[in-house]
Each structure stands twice: as structure tokens, then as C-alpha cells.
Amino acid sequence: MRSVSIIGGGVIGCLSAYHLAKAGWQVTVLDRGRVGGGCSHGNCGYVCPSHVLPLAAPGAIWNTLKTLFARNSPLKVRPGFALANLGWFLHFAKRCNTADMLSAAVGIQALLNSSRKLFDELLEAERFDVEWDTHGLLFVFQSKAAFEHYAHTDHLLRERFAMPARRLEAADLYTLEPALKPGSASGGYLYQSDAQLRPDRLMTALHARLREMGVKFVENVEVSGFTPADGTAKAVVTTAGDFAADAFVVATGAWAPKLNAQLGMNLPIIPGKGYSITIPRPAVCPTYPMIFEEHRVAVSPFRTGFRIGSTMEFAGYDEAMNRDRLKLLTDAAAVYLTDPGDPTKGAEEWWGWRPMTGNPLTLIGRSPRLSNVLVAAGHGMLGLSMATGTGKLVAELLGGGPTHIPAEPYRLR
Ligand SMILES: Cc1cc2nc3c(=O)[nH]c(=O)nc-3n(C[C@H](O)[C@H](O)[C@H](O)COP(=O)(O)OP(=O)(O)OC[C@H]3O[C@@H](n4cnc5c(N)ncnc54)[C@H](O)[C@@H]3O)c2cc1C
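What counts, and at which threshold
Residues numbered from 1 in each chain as written. Predicted model: local features only at pLDDT ≥ 70, side-chain atom pairs only at ≥ 80, totals over all residues. Heavy atoms only, no water. Helix = DSSP H or I, 4+ residues; strand = E, 2+ residues; numbered from the N terminus. Rg over C-alpha atoms; globule rule 2.2 N^0.38 Å. Buried < 20%, exposed > 50% of the residue type's maximum accessible area, 1.4 Å probe, protein only. Areas by Shrake-Rupley, 256 points an atom, 1.4 Å probe, with all protein chains shown as cover. Near = heavy atom within 4 Å. Polar contact = N/O pair within 3.5 Å; in protein donor to acceptor, adjacent residues only side chain to side chain. Pairing = 2+ DSSP bridges. Right-handed = clockwise from strand over helix to strand, strands pointing away. Core = buried A, V, L, I, M, F, W, Y, C linked by side-chain atoms within 4.5 Å. Contact = heavy atoms within 4.5 Å. Phe/Tyr/Trp six-rings, centres within 6.5 Å; stacked < 30°, edge-to-face > 60°. Expected span 1.5 Å × (residues − 1). Patch = residues over 30% accessible without salt bridge, like charges linked within 9 Å, V, L, I, M, F, W, Y side chains within 5 Å. Salt bridge = Lys/Arg side-chain N within 4 Å of Asp/Glu carboxyl O. Axes fitted to C-alpha atoms, helices over the stretch in contact; angles between N-to-C directions. Parallel < 35°, antiparallel > 145°, perpendicular 65-115°, else oblique. Nonpolar A, V, L, I, M, F, W, Y, C, P; charged D, E, K, R; others polar.

*Asks:* Now, about the overall build of the chain: what can you tell me, with residues and values included?
*Replies:* For the chain, the helix and strand inventory stands at eleven helices and 20 strands. On C-alpha atoms alone, the chain measures out to a radius of gyration of 21 Å, which is about the 22 Å that the 2.2 N^0.38 rule sets for 413 residues. Across its three principal axes, the chain shows a C-alpha extent of roughly 65 × 45 × 40 Å. Residues classed as buried in the chain amount to 56% of the 413 residues present. Element-wise, carbon and sulfur atoms account for 55% of the exposed surface of the chain, whose accessible area totals about 17000 Å².

This is how it looks when you write it as C-alpha cells:
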């Protein structure tokens, strides 16, 4: 039986473990902390094929600059960090044109669509209770101008990517989602393709199922490198000794560049810090997950709670809990919702580092230095939405067989 060690027990590592175990590999997952304790814990839980277009799009730089200087901006860049990572920001800026946006969107969509379908299959096969909800995702616009402007994006997604949405004028929007405060929105778009689950419950369910399937987990061990042998790796070097295997998967999310020197490459990934706050369901709880577009804030009505999440902070590997960022979330929810809930009641306050690529595609491919080491990282704002497809692709690439979607767009360059 071939053996594989997966470094990183987030949603990408665990779903890679799932597909590899199904394909007959003997799997070990190593994590520097707790399985599911990274960015995969407190995210908004959207599985959203609607998010076809990358962040690197025409106008993104100008919009970013505008929000940077705005008070209470959801986006924050620490100047020292930007200077130290100038290459990443320039790389991102270079991609903000129509041709690169459309070409990246093809790769993004393939992984999103495959993952959406695979989530249905996974949840049907495993019967995980993860509060799976296939209602769809509502994009809510406060101003008429932003609502009308989105019509161009809707047209592009519909015509070029076969991703239709239902346009809702204000009156229809309030009828569909009565939890919205009257007068708070000018209109919305409903993506019925999208779904939602409770990510922490997914991680708990996966962890338990993988153990049943014979996957071994080693927590609280940090991988610092590989023992090389003839262009391959024999073992990973960890704080608890070496772990030998036939193949390795680097699924360390935002931490992935820390292994750059060992992998023989420069992974264009930086941490993009986001926050969420989870409270008991308000008395008038939304039925739909919603993104309040101008505020860039998302709400997730789970069966067992209510999460408000978002914001993006480029400040390096900063572990501080910034309460001002949490307040931005609850303040934004109060703009749109009749009953935004009480953040002082049993709240779980959380932050996580999104693995942001300047690329703008997720990276799934072999290390140029160690041919039996596969990297699966850089899923940015869509790691949950792309996790099942990534896991399947990882298993196919390591198995050497055909892949269910073309692997070329994600190859490491
Ligand atoms: C506020 C917020 C909301 C979001 N909402 C959504 C959403 O609605 N939908 C969506 O699709 N995505 C969303 N995301 C993004 C999503 O959460 C991430 O893309 C995804 O969780 C990344 O998964 P991962 O497995 O790559 O990383 P992680 O979950 O961070 O896992 C990486 C793991 O690697 C381990 N590790 C790191 N280095 C080492 C090492 N050297 N040795 C051993 N272990 C190591 C870490 O401990 C960690 O457990 C959101 C993110 C944020 C912050």
C-alpha cells in the first residue's frame, strides 16, 4: 500500500486525505496545531460557485486605493508589510486586466463547479450533519448605483460563464428576505447555485470519519522541511522526529510559503486576515446567507447560530484579535437587518488567515525540486468552496491517472 503524509489538517488537507484514502493510500495528516483549527474553522461557510471572477479585475486597484483611505474600511494594509511584500502586490496589480481576469475565471470556475457537485456527493454518501443549506446566496446592494452597476457583472457571468442569478428589485428582495430592514437596500441578486454549511461542524465530522477510514492524525507537530533523496523527499522533518512516506502533500494554507526554500520555489501566498463573530440566532433571523456588497460583510444563518464575517487585513502573521474589526462586522449587520442579534451574548470571536495568492489561481502541483511533493494551497477567499474538487485533484495527480478537470491552470510555475 502506498503511503502519503499530508502537512496541514485544514479543509484542503482533510479533503485530500478523504480522496486519497478512498483511492487506497495509507494516509497520515500532520498539523502544527489542532485539526480544523486554522482558517477552515470560523469562515462564513459559503460553497459558492457564483464567485467565478477573481479579485484581480479591472478597476480593483483604484477601488482598493479608495477604500484604503476610507474610515472603517473593510480592507486594511499595513504599510511596512506592503513594502516587504511589494512583489506580491505588483504581481496582483499586473493581473488586474480583462484578459487575465477572464482566463483565471476559467480555472476558478472549473474547481468551484466540480467542488459544488462533489459536496452534494460527499454529504449524500457520508450523511454528515453540517447544516447543509442549498437555498442560494443573496448579494444585497445598499445603493441604486451599485445595484445597477452589478448588472454588467451579472451579464458577464450569465453570458460567458453560464452562471445566472435572479435579479430582485427592492420590493421583491424584502418579500424574499423579511429579515432585511425596510429601506436598507436598493436590490439584490440571488445565486441559487450556491450553498452554505457550518464549517466547524464539517471539520469535526471529517476528522471523525477519516479516523474511521484508518487515516492517522498527528497534532501539535510542526513540519520544518523534508529529507531529500535523488530529487524526491524520503520523509518530513518535524518537531516530533521524521515521518517517512512515499508521497507528501503540502496543505498548509497561509503558512505554505514558510516551506519555500525546501520546495525550491517562491509560492506567491500571503496571509489575508479575516474575522468572524458567531452569536445565537437573532429572533428575526435571516433565511438566506447574504453578502452586503458595499460593506463587504457576509452573514451566515446557521441552524445552531448566526455568523457575521469578513474584512481583509494584510498585516503579516499577526495573531492579535482586533476588536475594532469585529465591530465593523456587527455595525454593518445593523445597517441591513431589523434584528442583527446581540454580540454580547455567547459570542465566539474568531480570526483566520486566508491563503491569498497574487496569481490569482489556487496552486495545485508538484514541487520543482521534490517530485513526490504536491502543493495544494493558496485558495484565498474560496478554500471551502474549492475543497472537494481540490482533494479529488490531489488524489488523481498523486495516483498518476486522468484528472476530472484539467490540472494545468493550477500548476506551480
Ligand atoms: C472571515 C473569513 C470568511 C471566509 N468565508 C469563506 C466562505 O464562506 N467560503 C469559502 O469557500 N471560503 C471562505 N474563507 C476562506 C477559507 O476559510 C480558506 O480559504 C480555507 O479555510 C483554507 O483552507 P486550508 O486548508 O488551505 O487552510 P487552513 O484551514 O488554515 O489549514 C492549514 C493547516 O495547516 C497547518 N500548518 C501550517 N503550517 C504547518 C506546518 N509547518 N506543519 C504542520 N502543520 C502546519 C495549520 O495549523 C492549519 O491547521 C473565509 C475566510 C475568512 C478568514
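*Asks:* Talk me through the site of the ligand; I want residue IDs and the actual numbers.
*Replies:* Residues in contact with the ligand amount to 36 residues; listed here are only the nearest, Asp31, Ser40, Tyr46, Gly380 and Ser385. Take Ser40: an N or O atom from its side chain is 2.5 Å from an oxygen atom of the ligand. For the ligand, whose accessible area on its own is 1000 Å², the fraction buried by protein is 97%. Elements supplying a minimum of two residues to the shell around the ligand: helix H1 (11–22), strand S14 (269–279) and strand S18 (348–357).

*Asks:* Run through the pairing of strand S1 (residues 3–7), naming residues and quoting values.
*Replies:* Counted residue by residue, S1 has five buried out of five residues, so it is predominantly covered. Neither face of S1 is left uncovered, since the one carrying Ser3, Ser5 and Ile7 and the one carrying Val4 and Ile6 both have all their residues buried. Here S1 runs beside strand S2 (residues 26–30); their pairing, made up of five bridges, is parallel. Across the sheet, Ile6 pairs through a bridge with Val29, a residue of S2. With respect to chirality, the unit in which S1 leads through H1 into the neighbouring parallel S2 is right-handed.

*Asks:* Tell me about the nonpolar core, and name the residues and values.
*Replies:* Ranked by size, the top nonpolar core spans 72 residues in total, and within it Val4, Ile6, Leu20, Val27, Leu202 and Val249 carry the most contacts. Here this core takes ten residues from helix H5 (residues 98–126), the largest share from any one element. Once residues lying within four places of it in the same chain are set aside, the contact partners of Val249 are Val4, Ser5, Ile6, Ile7, Leu20, Leu374, Ala376, Val394 and Leu398.

*Asks:* Pulling in residues and values, what's your account of the packing of aromatic side chains?
*Replies:* One pass over the structure, following the stated rule, counts 17 aromatic pairs. Ring geometry for Trp88 versus Phe314: centroids 5.7 Å apart, planes at 50 degrees, classification tilted. Taken together, the residues Trp88 in helix H4 (residues 86–94) and Phe314 in strand S17 (residues 305–314) connect sequence positions 226 residues apart. Here Trp88 matches Phe314 in class, with each residue buried.

*Asks:* Describe in detail helix H6 (residues 144–161), supporting the description with residues and values.
*Replies:* With 18 residues, H6 extends 25 Å from end C-alpha to end C-alpha; this agrees with the ideal 26 Å at 1.5 Å per step. Of the positions making up H6, those classed as buried are Phe147, Tyr150, Asp154, Leu157 and Phe161. Considering only its buried residues, H6 is in contact with H5, strand S5 (137–141), strand S6 (166–169) and strand S7 (187–191).

*Asks:* Which residues make up unusual backbone geometry, and what are the values?
*Replies:* Following Asn359, the chain continues into Pro360 via a peptide bond in cis, with omega recorded as 5 degrees. Mapped onto the fold, Pro360 is located in the loop between S18 and strand S19 (363–366).

*Asks:* So, a nonpolar patch on the surface: which residues are in play, and what are the values?
*Replies:* A surface patch of nonpolar side chains, about 310 Å² in accessible area, is lined by Ile61, Trp62 and Leu65. Summarising the element assignment, Ile61 is placed in helix H2 (residues 60–68).

*Asks:* Residues and numbers for the packing of H5 against helix H11 (residues 387–399), please.
*Replies:* Orientation of H5 relative to H11, taken along the N-to-C sense of each, is 95 degrees, at an axis distance of 6 Å. As judged from the angle between their axes, H5 and H11 are roughly perpendicular. Side by side, H5 and H11 meet where Leu111, Ser114, Ser115, Leu118, Phe119 and Leu122 of the first sit next to Ala387, Thr388, Gly389, Thr390 and Lys392 of the second. Here the residues of the contact of H5 with H11 sort into five nonpolar, five polar and one charged.

*Asks:* Tell me about the side chain of Thr278, and name the residues and values.
*Replies:* Mapped onto the secondary structure, Thr278 falls in strand S14. Judged by relative accessible area, Thr278 falls into the buried class, the value being 6%. Within polar-contact distance, the side chain of Thr278 engages the side chain of Arg307 at 2.8 Å. Residue contacts for Thr278: discarding those within four places in its chain leaves Arg198, Phe306, Arg307, Gly346, Ala347 and Glu348.

*Asks:* A description of the pairing of S17 should follow, citing residues and the corresponding values.
*Replies:* In terms of burial, S17 is a largely internal element, ten of the ten residues being buried. Note: strand S4 (residues 75–77) against S17, three bridges, orientation parallel. In the sheet register, Val77 faces S17, and the bridge partner there is Phe314. In the sheet, S14 pairs with S17 via six bridges, with the strands oriented antiparallel. Note that in S17 the partner of Lys273 across the bridge is Glu313. The pairing of strand S16 (residues 297–302) with S17 spans six bridges and is antiparallel. Each residue of the ladder has a partner; that of Pro301, found in S17, is Phe306. Linking two consecutive strands that pair antiparallel, namely S16 and S17, is a turn of two residues.

Interpretation in functional terms is not warranted from these geometric data alone.
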